[in-house]
Amino acid sequence: MNTRIKMRVPVRSSLEEIEEYKPGESAKGAIKLSSNENPLGPSPKVLKEIVESIEERELNLSVYPWERNEEELRDEISSYIGAGIGKIVMGAGIDGVLDTLVKIFIENGDEAIIPVPTFSLYESLVRIAGGIPGYIKRRREENFSIPIEELISACNEKTKMIFISSPNNPTGNCIPEAEVREIVESVPKAMIAIDEAYVEFAGSSLVNLVKEYANVLVMRTFSKAFALAGLRIGYAVIPEWLASTYKKVSMPFSINSVAIKAAIAALRDKEHLRKSVELVKHERGFLIETLQRFFTVYPSEANFVLVAVSPRKSYAVCDALMKNGIMVRDCASFRGAGDSFIRITVGTREQNELVVEVLRAIASSGTSRTRL
Ligand SMILES: Cc1ncc(COP(=O)(O)O)c(C=O)c1O
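The structure displayed is predicted, hence computed values, not measured ones. (Residues numbered from 1 in each chain as written. Predicted model: local features only at pLDDT ≥ 70, side-chain atom pairs only at ≥ 80, totals over all residues. Heavy atoms only, no water.)

### Thoughts on the overall build of the protein
Here is step 1 of the chain: Counting secondary structure elements, the protein contains 13 helices and 13 strands.
Here is step 2 of the chain: For the protein, whose C-alpha radius of gyration is 21 Å, the value lies close to the compact-globule estimate of 21 Å for 372 residues.
Here is step 3 of the chain: When the backbone C-alpha atoms are referred to their principal axes, the protein occupies close to 60 × 60 × 55 Å.
Here is step 4 of the chain: Residue burial in the protein is summarised as follows: out of 372 residues, 53% are buried.
Here is step 5 of the chain: Of the contacts made within the protein by residues no fewer than 6 positions apart, 72% connect residues no fewer than 24 positions apart.
Here is step 6 of the chain: Carbon and sulfur atoms provide 52% of the accessible area of the protein, an area that totals close to 18,200 Å².
Here is step 7 of the chain: Between the averaged position of the 47 positive side-chain charges in the protein and that of its 49 negative side-chain charges there is a distance of 4 Å. (Helix = DSSP H or I, 4+ residues; strand = E, 2+ residues; numbered from the N terminus. Rg over C-alpha atoms; globule rule 2.2 N^0.38 Å. Buried < 20%, exposed > 50% of the residue type's maximum accessible area, 1.4 Å probe, protein only. Contact = heavy atoms within 4.5 Å. Areas by Shrake-Rupley, 256 points an atom, 1.4 Å probe, with all protein chains shown as cover. Lys, Arg positive; Asp, Glu negative; His and termini not counted. Charge placed at Lys NZ, Arg CZ, Asp CG, Glu CD.)

Below, the structure is given as C-alpha coordinates:
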(Lines give C-alpha, C1' and ligand atoms only; values in the text may rest on other atoms or scores of the structure.)
Protein backbone atom coordinates (compact mmCIF):
# COMPACT_ATOMS: atom_id res chain seq x y z
CA MET A 1 0.00 0.00 0.00
CA ASN A 2 1.32 3.42 -0.88
CA THR A 3 0.50 5.32 2.29
CA ARG A 4 1.98 8.71 3.07
CA ILE A 5 1.71 8.38 6.81
CA LYS A 6 3.44 5.21 8.03
CA MET A 7 3.04 5.50 11.79
CA ARG A 8 0.08 3.70 13.35
CA VAL A 9 -2.39 5.60 15.47
CA PRO A 10 -2.26 4.09 18.98
CA VAL A 11 -5.25 1.98 19.96
CA ARG A 12 -6.59 1.82 23.53
CA SER A 13 -4.09 0.10 25.81
CA SER A 14 -6.80 -2.15 27.29
CA LEU A 15 -7.04 -3.86 23.88
CA GLU A 16 -3.45 -5.04 23.74
CA GLU A 17 -3.81 -8.34 25.55
CA ILE A 18 -7.21 -9.32 24.21
CA GLU A 19 -7.37 -12.27 21.88
CA GLU A 20 -9.67 -12.52 18.89
CA TYR A 21 -12.79 -14.62 19.44
CA LYS A 22 -12.26 -18.01 17.82
CA PRO A 23 -15.53 -19.62 16.77
CA GLY A 24 -15.90 -23.40 16.47
CA GLU A 25 -14.11 -24.52 13.34
CA SER A 26 -15.85 -25.36 10.10
CA ALA A 27 -14.60 -27.11 6.96
CA LYS A 28 -16.52 -27.91 3.83
CA GLY A 29 -17.94 -31.42 3.79
CA ALA A 30 -17.07 -32.18 7.41
CA ILE A 31 -19.63 -32.98 10.10
CA LYS A 32 -19.72 -29.86 12.25
CA LEU A 33 -20.19 -30.66 15.91
CA SER A 34 -18.11 -27.75 17.15
CA SER A 35 -20.55 -24.84 17.64
CA ASN A 36 -23.59 -26.30 19.42
CA GLU A 37 -25.96 -25.73 16.52
CA ASN A 38 -29.25 -27.52 15.92
CA PRO A 39 -28.87 -30.65 13.74
CA LEU A 40 -32.51 -30.46 12.58
CA GLY A 41 -32.17 -26.95 11.21
CA PRO A 42 -34.87 -24.27 11.55
CA SER A 43 -38.58 -24.94 11.36
CA PRO A 44 -39.81 -25.20 7.72
CA LYS A 45 -42.51 -22.72 8.79
CA VAL A 46 -39.80 -20.14 9.47
CA LEU A 47 -38.41 -20.47 5.96
CA LYS A 48 -41.90 -20.31 4.42
CA GLU A 49 -42.78 -17.23 6.45
CA ILE A 50 -39.62 -15.37 5.42
CA VAL A 51 -39.95 -16.18 1.72
CA GLU A 52 -43.68 -15.43 1.60
CA SER A 53 -43.48 -12.17 3.49
CA ILE A 54 -40.69 -10.92 1.22
CA GLU A 55 -42.54 -12.02 -1.92
CA GLU A 56 -45.77 -10.48 -0.76
CA ARG A 57 -43.90 -7.29 0.14
CA GLU A 58 -45.08 -7.35 3.70
CA LEU A 59 -41.41 -7.51 4.58
CA ASN A 60 -39.66 -4.69 2.78
CA LEU A 61 -35.89 -5.10 2.91
CA SER A 62 -35.25 -1.53 1.80
CA VAL A 63 -36.71 0.04 4.92
CA TYR A 64 -35.46 -0.05 8.51
CA PRO A 65 -37.00 -2.65 10.82
CA TRP A 66 -40.38 -1.65 12.20
CA GLU A 67 -40.92 -1.08 15.89
CA ARG A 68 -44.33 -2.72 15.46
CA ASN A 69 -42.74 -6.02 14.39
CA GLU A 70 -40.37 -5.87 17.32
CA GLU A 71 -43.39 -5.35 19.59
CA GLU A 72 -45.01 -8.43 18.10
CA LEU A 73 -41.88 -10.47 18.83
CA ARG A 74 -41.73 -9.11 22.38
CA ASP A 75 -45.34 -10.26 22.93
CA GLU A 76 -44.52 -13.69 21.54
CA ILE A 77 -41.46 -14.03 23.80
CA SER A 78 -43.51 -12.86 26.73
CA SER A 79 -46.07 -15.60 26.28
CA TYR A 80 -43.24 -18.12 25.75
CA ILE A 81 -41.47 -17.32 29.02
CA GLY A 82 -44.55 -16.38 31.02
CA ALA A 83 -46.12 -12.93 31.22
CA GLY A 84 -45.11 -10.25 33.68
CA ILE A 85 -41.61 -11.46 34.52
CA GLY A 86 -39.65 -8.41 33.41
CA LYS A 87 -38.88 -6.23 30.42
CA ILE A 88 -37.74 -7.91 27.23
CA VAL A 89 -34.89 -6.33 25.30
CA MET A 90 -33.18 -7.65 22.21
CA GLY A 91 -29.86 -7.79 20.43
CA ALA A 92 -27.87 -9.46 17.67
CA GLY A 93 -27.67 -12.74 19.55
CA ILE A 94 -26.71 -13.00 23.21
CA ASP A 95 -23.38 -11.62 21.94
CA GLY A 96 -25.12 -8.37 21.02
CA VAL A 97 -27.06 -8.25 24.29
CA LEU A 98 -23.84 -8.81 26.26
CA ASP A 99 -22.10 -6.04 24.38
CA THR A 100 -24.79 -3.58 25.42
CA LEU A 101 -24.89 -4.79 29.03
CA VAL A 102 -21.15 -4.54 29.55
CA LYS A 103 -21.20 -1.00 28.13
CA ILE A 104 -23.88 -0.16 30.69
CA PHE A 105 -22.16 -1.52 33.78
CA ILE A 106 -18.40 -1.66 33.28
CA GLU A 107 -16.09 1.30 33.18
CA ASN A 108 -12.32 1.56 33.58
CA GLY A 109 -11.12 -0.29 36.66
CA ASP A 110 -14.45 -1.97 37.45
CA GLU A 111 -14.43 -5.67 38.19
CA ALA A 112 -16.51 -8.59 36.93
CA ILE A 113 -16.59 -12.10 38.33
CA ILE A 114 -16.45 -15.02 35.90
CA PRO A 115 -16.56 -18.67 37.01
CA VAL A 116 -14.33 -20.61 34.57
CA PRO A 117 -14.15 -22.48 32.30
CA THR A 118 -16.98 -20.70 30.51
CA PHE A 119 -18.01 -18.78 27.38
CA SER A 120 -15.04 -16.55 26.55
CA LEU A 121 -16.93 -13.49 25.35
CA TYR A 122 -17.70 -12.34 28.92
CA GLU A 123 -14.01 -11.85 29.62
CA SER A 124 -13.26 -10.19 26.26
CA LEU A 125 -16.05 -7.64 26.57
CA VAL A 126 -15.12 -6.77 30.16
CA ARG A 127 -11.51 -6.21 29.14
CA ILE A 128 -12.44 -4.19 26.04
CA ALA A 129 -14.42 -1.90 28.36
CA GLY A 130 -11.33 -1.46 30.55
CA GLY A 131 -12.71 -3.70 33.31
CA ILE A 132 -10.86 -6.37 35.26
CA PRO A 133 -12.17 -9.95 35.16
CA GLY A 134 -11.88 -11.98 38.37
CA TYR A 135 -11.82 -15.70 37.66
CA ILE A 136 -13.29 -18.29 40.01
CA LYS A 137 -12.30 -21.84 39.20
CA ARG A 138 -15.23 -24.27 38.99
CA ARG A 139 -14.74 -27.53 40.91
CA ARG A 140 -13.89 -30.16 38.34
CA GLU A 141 -14.21 -32.95 40.90
CA GLU A 142 -17.81 -31.88 41.62
CA ASN A 143 -19.07 -31.70 38.04
CA PHE A 144 -17.81 -28.15 37.66
CA SER A 145 -20.01 -26.62 40.35
CA ILE A 146 -19.18 -23.06 41.42
CA PRO A 147 -17.57 -22.54 44.85
CA ILE A 148 -20.17 -20.03 46.03
CA GLU A 149 -18.42 -18.84 49.21
CA GLU A 150 -15.24 -18.19 47.26
CA LEU A 151 -17.18 -16.28 44.59
CA ILE A 152 -18.94 -14.11 47.14
CA SER A 153 -15.76 -13.29 49.01
CA ALA A 154 -14.05 -12.31 45.73
CA CYS A 155 -16.62 -9.49 45.31
CA ASN A 156 -15.95 -5.95 46.51
CA GLU A 157 -17.20 -2.38 45.96
CA LYS A 158 -15.80 -2.42 42.42
CA THR A 159 -17.59 -5.62 41.38
CA LYS A 160 -20.30 -4.56 38.90
CA MET A 161 -21.18 -7.80 37.13
CA ILE A 162 -21.19 -11.55 37.76
CA PHE A 163 -21.57 -13.81 34.72
CA ILE A 164 -23.19 -17.20 35.16
CA SER A 165 -23.83 -19.45 32.20
CA SER A 166 -26.51 -22.02 33.09
CA PRO A 167 -26.28 -24.56 31.52
CA ASN A 168 -22.61 -23.65 31.31
CA ASN A 169 -20.58 -23.82 28.14
CA PRO A 170 -18.44 -26.02 27.93
CA THR A 171 -19.23 -28.03 31.09
CA GLY A 172 -22.98 -28.55 30.52
CA ASN A 173 -24.09 -28.16 34.16
CA CYS A 174 -26.67 -25.77 35.66
CA ILE A 175 -26.29 -23.72 38.82
CA PRO A 176 -28.89 -24.60 41.49
CA GLU A 177 -31.43 -21.84 42.14
CA ALA A 178 -30.58 -21.69 45.86
CA GLU A 179 -26.98 -20.84 44.99
CA VAL A 180 -28.02 -18.02 42.67
CA ARG A 181 -30.22 -16.61 45.44
CA GLU A 182 -27.28 -16.71 47.82
CA ILE A 183 -25.08 -14.77 45.38
CA VAL A 184 -27.79 -12.28 44.45
CA GLU A 185 -28.61 -11.51 48.08
CA SER A 186 -24.96 -11.30 49.17
CA VAL A 187 -23.87 -8.96 46.37
CA PRO A 188 -26.80 -6.57 45.86
CA LYS A 189 -24.68 -3.93 44.13
CA ALA A 190 -23.58 -6.22 41.31
CA MET A 191 -25.69 -7.24 38.32
CA ILE A 192 -25.99 -11.02 38.07
CA ALA A 193 -26.13 -11.81 34.35
CA ILE A 194 -27.45 -15.34 33.81
CA ASP A 195 -26.83 -16.76 30.36
CA GLU A 196 -29.50 -19.31 29.41
CA ALA A 197 -28.40 -19.90 25.81
CA TYR A 198 -29.06 -23.65 26.29
CA VAL A 199 -32.03 -23.52 28.66
CA GLU A 200 -34.45 -25.32 26.32
CA PHE A 201 -32.36 -28.49 26.75
CA ALA A 202 -32.29 -28.19 30.56
CA GLY A 203 -34.72 -29.22 33.25
CA SER A 204 -35.46 -25.75 34.59
CA SER A 205 -34.90 -22.01 34.16
CA LEU A 206 -33.91 -19.18 36.48
CA VAL A 207 -35.92 -16.55 34.60
CA ASN A 208 -38.46 -16.11 37.39
CA LEU A 209 -35.75 -14.61 39.60
CA VAL A 210 -35.95 -11.43 37.49
CA LYS A 211 -39.36 -10.82 39.08
CA GLU A 212 -37.93 -11.01 42.58
CA TYR A 213 -34.55 -9.28 42.37
CA ALA A 214 -33.59 -5.93 40.85
CA ASN A 215 -30.02 -7.16 40.26
CA VAL A 216 -30.80 -10.22 38.13
CA LEU A 217 -31.17 -10.51 34.37
CA VAL A 218 -31.48 -13.56 32.12
CA MET A 219 -30.26 -13.82 28.53
CA ARG A 220 -31.70 -16.18 25.92
CA THR A 221 -31.07 -16.87 22.24
CA PHE A 222 -32.66 -18.12 19.03
CA SER A 223 -29.30 -19.61 17.94
CA LYS A 224 -29.55 -22.99 19.64
CA ALA A 225 -32.93 -24.75 20.14
CA PHE A 226 -34.58 -22.52 17.49
CA ALA A 227 -31.76 -23.07 14.97
CA LEU A 228 -31.43 -19.45 13.85
CA ALA A 229 -27.73 -18.85 14.65
CA GLY A 230 -27.12 -17.35 11.22
CA LEU A 231 -29.73 -14.62 11.74
CA ARG A 232 -28.14 -13.35 14.98
CA ILE A 233 -31.01 -12.73 17.33
CA GLY A 234 -31.25 -13.01 21.09
CA TYR A 235 -32.96 -11.33 24.02
CA ALA A 236 -32.72 -10.62 27.72
CA VAL A 237 -35.34 -10.47 30.42
CA ILE A 238 -34.28 -7.56 32.58
CA PRO A 239 -35.72 -5.66 35.56
CA GLU A 240 -37.98 -2.68 34.71
CA TRP A 241 -35.53 -0.05 35.98
CA LEU A 242 -32.89 -1.10 33.44
CA ALA A 243 -35.02 -0.95 30.29
CA SER A 244 -34.60 2.71 29.37
CA THR A 245 -30.82 2.60 29.92
CA TYR A 246 -30.62 -0.49 27.73
CA LYS A 247 -32.45 1.34 24.95
CA LYS A 248 -30.09 4.32 25.27
CA VAL A 249 -26.98 2.20 24.93
CA SER A 250 -27.96 -0.47 22.41
CA MET A 251 -27.40 0.15 18.71
CA PRO A 252 -30.50 1.34 16.89
CA PHE A 253 -31.85 -1.41 14.62
CA SER A 254 -29.46 -3.99 16.02
CA ILE A 255 -31.81 -6.82 15.06
CA ASN A 256 -32.85 -7.03 11.44
CA SER A 257 -36.36 -7.42 10.07
CA VAL A 258 -35.79 -10.93 8.66
CA ALA A 259 -34.57 -12.13 12.05
CA ILE A 260 -37.62 -10.63 13.77
CA LYS A 261 -40.02 -12.40 11.39
CA ALA A 262 -38.10 -15.67 11.71
CA ALA A 263 -38.05 -15.54 15.51
CA ILE A 264 -41.81 -14.97 15.68
CA ALA A 265 -42.46 -17.93 13.36
CA ALA A 266 -39.98 -20.10 15.30
CA LEU A 267 -41.70 -19.39 18.61
CA ARG A 268 -45.07 -20.25 17.08
CA ASP A 269 -43.91 -23.63 15.75
CA LYS A 270 -43.99 -25.41 19.09
CA GLU A 271 -43.90 -28.83 17.45
CA HIS A 272 -40.54 -28.16 15.79
CA LEU A 273 -39.10 -26.91 19.07
CA ARG A 274 -40.38 -30.03 20.82
CA LYS A 275 -38.81 -32.25 18.15
CA SER A 276 -35.45 -30.46 18.37
CA VAL A 277 -35.30 -30.67 22.14
CA GLU A 278 -36.43 -34.29 22.21
CA LEU A 279 -33.80 -35.28 19.65
CA VAL A 280 -31.04 -33.58 21.66
CA LYS A 281 -32.11 -35.10 24.97
CA HIS A 282 -32.36 -38.58 23.50
CA GLU A 283 -29.10 -38.41 21.58
CA ARG A 284 -27.28 -36.75 24.48
CA GLY A 285 -28.17 -39.82 26.54
CA PHE A 286 -26.83 -42.09 23.79
CA LEU A 287 -23.55 -40.17 23.52
CA ILE A 288 -22.97 -40.09 27.27
CA GLU A 289 -23.82 -43.74 27.76
CA THR A 290 -21.60 -45.00 24.94
CA LEU A 291 -18.66 -42.62 25.35
CA GLN A 292 -18.34 -43.22 29.07
CA ARG A 293 -17.28 -46.78 28.32
CA PHE A 294 -13.90 -45.43 27.26
CA PHE A 295 -13.63 -41.82 28.49
CA THR A 296 -14.85 -39.67 31.37
CA VAL A 297 -18.00 -37.89 30.19
CA TYR A 298 -19.71 -35.21 32.30
CA PRO A 299 -23.48 -34.96 32.81
CA SER A 300 -25.02 -32.34 30.53
CA GLU A 301 -28.17 -30.24 30.47
CA ALA A 302 -27.19 -28.65 27.16
CA ASN A 303 -26.91 -29.77 23.51
CA PHE A 304 -23.28 -30.83 23.90
CA VAL A 305 -21.20 -33.11 26.06
CA LEU A 306 -17.83 -32.51 27.66
CA VAL A 307 -15.38 -35.39 27.41
CA ALA A 308 -12.06 -35.75 29.27
CA VAL A 309 -9.63 -37.50 26.93
CA SER A 310 -6.58 -37.65 29.23
CA PRO A 311 -3.91 -38.96 29.12
CA ARG A 312 -4.34 -37.88 25.53
CA LYS A 313 -4.20 -34.22 24.55
CA SER A 314 -7.35 -32.56 23.31
CA TYR A 315 -5.68 -31.12 20.20
CA ALA A 316 -4.48 -34.58 19.14
CA VAL A 317 -7.94 -36.11 19.58
CA CYS A 318 -9.53 -33.20 17.68
CA ASP A 319 -7.01 -33.69 14.86
CA ALA A 320 -7.75 -37.40 14.72
CA LEU A 321 -11.50 -36.70 14.56
CA MET A 322 -10.93 -34.08 11.88
CA LYS A 323 -9.01 -36.62 9.77
CA ASN A 324 -12.22 -38.65 9.91
CA GLY A 325 -14.30 -35.68 8.79
CA ILE A 326 -15.67 -34.70 12.22
CA MET A 327 -15.17 -31.30 13.82
CA VAL A 328 -15.52 -30.94 17.58
CA ARG A 329 -14.35 -28.21 19.94
CA ASP A 330 -10.91 -28.36 21.51
CA CYS A 331 -11.53 -26.87 24.95
CA ALA A 332 -7.90 -25.83 25.44
CA SER A 333 -8.98 -22.34 24.32
CA PHE A 334 -11.30 -22.03 27.35
CA ARG A 335 -9.55 -20.34 30.26
CA GLY A 336 -9.00 -22.81 33.07
CA ALA A 337 -10.01 -25.90 31.08
CA GLY A 338 -6.55 -27.42 30.63
CA ASP A 339 -5.51 -29.41 27.58
CA SER A 340 -7.46 -32.64 27.78
CA PHE A 341 -11.14 -31.75 27.23
CA ILE A 342 -13.15 -31.84 24.06
CA ARG A 343 -16.75 -30.64 23.62
CA ILE A 344 -19.02 -32.50 21.22
CA THR A 345 -22.29 -31.01 19.98
CA VAL A 346 -25.09 -33.57 20.04
CA GLY A 347 -25.89 -34.45 16.43
CA THR A 348 -28.21 -36.86 14.65
CA ARG A 349 -27.96 -40.59 15.50
CA GLU A 350 -25.93 -41.17 12.35
CA GLN A 351 -23.45 -38.40 13.23
CA ASN A 352 -23.22 -39.50 16.85
CA GLU A 353 -22.55 -43.11 15.89
CA LEU A 354 -19.68 -41.94 13.71
CA VAL A 355 -18.19 -39.88 16.55
CA VAL A 356 -18.46 -42.83 18.91
CA GLU A 357 -16.85 -45.15 16.38
CA VAL A 358 -13.86 -42.86 15.83
CA LEU A 359 -13.42 -42.14 19.54
CA ARG A 360 -13.62 -45.85 20.33
CA ALA A 361 -10.80 -46.47 17.85
CA ILE A 362 -8.76 -43.64 19.38
CA ALA A 363 -9.31 -44.98 22.88
CA SER A 364 -8.33 -48.50 22.00
CA SER A 365 -5.36 -47.77 19.74
CA GLY A 366 -2.43 -48.76 21.94
CA THR A 367 0.22 -47.36 19.64
CA SER A 368 -1.46 -44.06 18.91
CA ARG A 369 -2.19 -43.67 22.62
CA THR A 370 1.20 -42.07 23.18
CA ARG A 371 0.99 -40.09 19.97
CA LEU A 372 -2.55 -38.89 20.61
C1 LIG B 1 -23.06 -19.69 26.84
C2 LIG B 1 -23.24 -19.01 25.53
N3 LIG B 1 -23.80 -17.79 25.50
C4 LIG B 1 -23.98 -17.13 24.35
C5 LIG B 1 -23.59 -17.69 23.14
C6 LIG B 1 -23.78 -16.89 21.89
O7 LIG B 1 -25.11 -16.90 21.56
P8 LIG B 1 -25.68 -16.04 20.36
O9 LIG B 1 -25.56 -16.86 19.13
O10 LIG B 1 -27.09 -15.77 20.75
O11 LIG B 1 -24.87 -14.78 20.29
C12 LIG B 1 -23.01 -18.94 23.11
C13 LIG B 1 -22.60 -19.52 21.83
O14 LIG B 1 -22.12 -20.58 21.68
C15 LIG B 1 -22.82 -19.62 24.34
O16 LIG B 1 -22.25 -20.83 24.38
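### Here we look at the domain arrangement of the protein
Here is step 1 of the chain: Annotation of the protein at the domain level lists domain 1 (22-41 + 271-364) and domain 2 (44-268).
Here is step 2 of the chain: The centre of domain 1, based on its C-alpha atoms, is set 25 Å off from the matching centre of domain 2.
Here is step 3 of the chain: Contact with domain 1, which involves 27 residues of that partner, is made by 29 residues of domain 2.
Here is step 4 of the chain: Between domain 1 and domain 2 lies a buried interface of about 2,300 Å² when both sides are counted; carbon and sulfur atoms form 59% of it.
Here is step 5 of the chain: Sorting the residues of domain 1 by area buried against domain 2 places Leu273, Glu301 and Arg335 first, and these three jointly supply 29% of that buried surface.
Here is step 6 of the chain: Residues glutamate 123 and arginine 335 are paired through a salt bridge, measuring 2.7 Å at the closest nitrogen-oxygen approach.
Here is step 7 of the chain: The interface formed by domain 1 and domain 2 contains twelve residue pairs in polar contact (both at pLDDT 80 or more).
Here is step 8 of the chain: Of all the secondary-structure elements, those providing two or more residues to the side of domain 1 that touches domain 2 are helix H10 (270-291), strand E10 (304-308) and strand E13 (341-345).
Here is step 9 of the chain: Per element, the largest residue contribution to the side of domain 1 that touches domain 2 is seven residues, and it comes from H10.
Here is step 10 of the chain: Counted by class, the side of domain 1 that touches domain 2 contains 13 nonpolar, nine polar and five charged residues. (Domains from an automatic or database assignment. Buried area = accessible area lost by both parts, 1.4 Å probe. Salt bridge = Lys/Arg side-chain N within 4 Å of Asp/Glu carboxyl O. Polar contact = N/O pair within 3.5 Å; in protein donor to acceptor, adjacent residues only side chain to side chain. Nonpolar A, V, L, I, M, F, W, Y, C, P; charged D, E, K, R; others polar.)

### Let's talk about the site of the ligand
Here is step 1 of the chain: The local shell around the ligand holds 14 residues, among which Ile94, Asp195, Tyr198, Thr221 and Ser223 are the closest.
Here is step 2 of the chain: Residue isoleucine 94 places a main-chain N or O atom 2.7 Å away from an oxygen atom belonging to the ligand.
Here is step 3 of the chain: A distance of 2.7 Å separates an oxygen atom of the ligand from a polar side-chain atom of arginine 232.
Here is step 4 of the chain: Computed on the free molecule, the ligand has an accessible area of 400 Å², of which 93% lies beneath the protein chains in the complex.
Here is step 5 of the chain: With three residues, the single largest contributor to the shell around the ligand is helix H3 (residues 93-105). (Near = heavy atom within 4 Å.)

### Notes on the pattern of salt bridges
Here is step 1 of the chain: According to the stated counting rule, one finds 25 salt bridges in the structure shown.
Here is step 2 of the chain: For lysine 103, the salt bridge goes to aspartate 99, with nearest N and O atoms at 3.4 Å. Note that lysine 103 and aspartate 99 are positioned in helix H3 at a spacing of four residues, about one turn of the helix.
Here is step 3 of the chain: Look at lysine 103 and you get partly exposed, because its relative accessible area is 45%.

### Concerning the sheet that holds E13
Here is step 1 of the chain: Spatial ordering of the open sheet is given by E9-E10-E13-E12, a layout of four strands whose pairing is antiparallel. Looking at which strands have only one partner, the edges of the open sheet turn out to be strand E9 (296-297) and strand E12 (329-330).
Here is step 2 of the chain: Two elements, E9 and E10, share two bridges in a ladder whose sense is antiparallel. If you follow threonine 296 over to E10, its bridge partner there is alanine 308.
Here is step 3 of the chain: Against the sheet, H10 contacts E9, E10 and E13, and its axis sits at roughly 10° relative to E10.
Here is step 4 of the chain: Docked against the sheet, helix H11 (residues 314-323) engages E12 and E13, running at close to 35° with respect to E13. (Pairing = 2+ DSSP bridges. Axes fitted to C-alpha atoms, helices over the stretch in contact; angles between N-to-C directions.)

### Describing a nonpolar patch on the surface
Here is step 1 of the chain: A cluster of nonpolar side chains, contributed by Val11, Leu15 and Ile128, occupies part of the molecular surface with about 230 Å² of accessible area.
Here is step 2 of the chain: Relative to the assigned elements, isoleucine 128 resides in helix H4 (residues 121-128). (Patch = residues over 30% accessible without salt bridge, like charges linked within 9 Å, V, L, I, M, F, W, Y side chains within 5 Å.)

### Things to note about helix H12 (residues 349-364)
Here is step 1 of the chain: In a regular helix each residue adds 1.5 Å, so 16 residues correspond to 22 Å; H12 covers 22 Å between its end C-alpha atoms and thus fits that length.
Here is step 2 of the chain: Among all positions in H12, only Asn352, Val355, Val356, Val358, Leu359, Ile362 and Ala363 are buried. (Expected span 1.5 Å × (residues − 1).)

### A closer look at helix H1 (residues 44-55)
Here is step 1 of the chain: In a regular helix each residue adds 1.5 Å, so twelve residues correspond to 16 Å; H1 covers 17 Å between its end C-alpha atoms and thus fits that length.
Here is step 2 of the chain: Regarding H1, the residues found buried are Val46, Ile50 and Ser53. Down the axis of H1, the buried set is contained in an arc of 80°. They therefore lie on one face. When the buried face of H1 is taken as reference, the exposed residues oriented beyond 90 degrees from it are Pro44, Lys45, Lys48 and Glu55.
Here is step 3 of the chain: Where H1 is buried, its residues contact helix H9 (257-268).
Here is step 4 of the chain: Structurally, the start of H1 carries an N-cap: the backbone nitrogen of lysine 45 is 3.0 Å from a side-chain oxygen of serine 43. (Arc of directions from axis to C-beta.)

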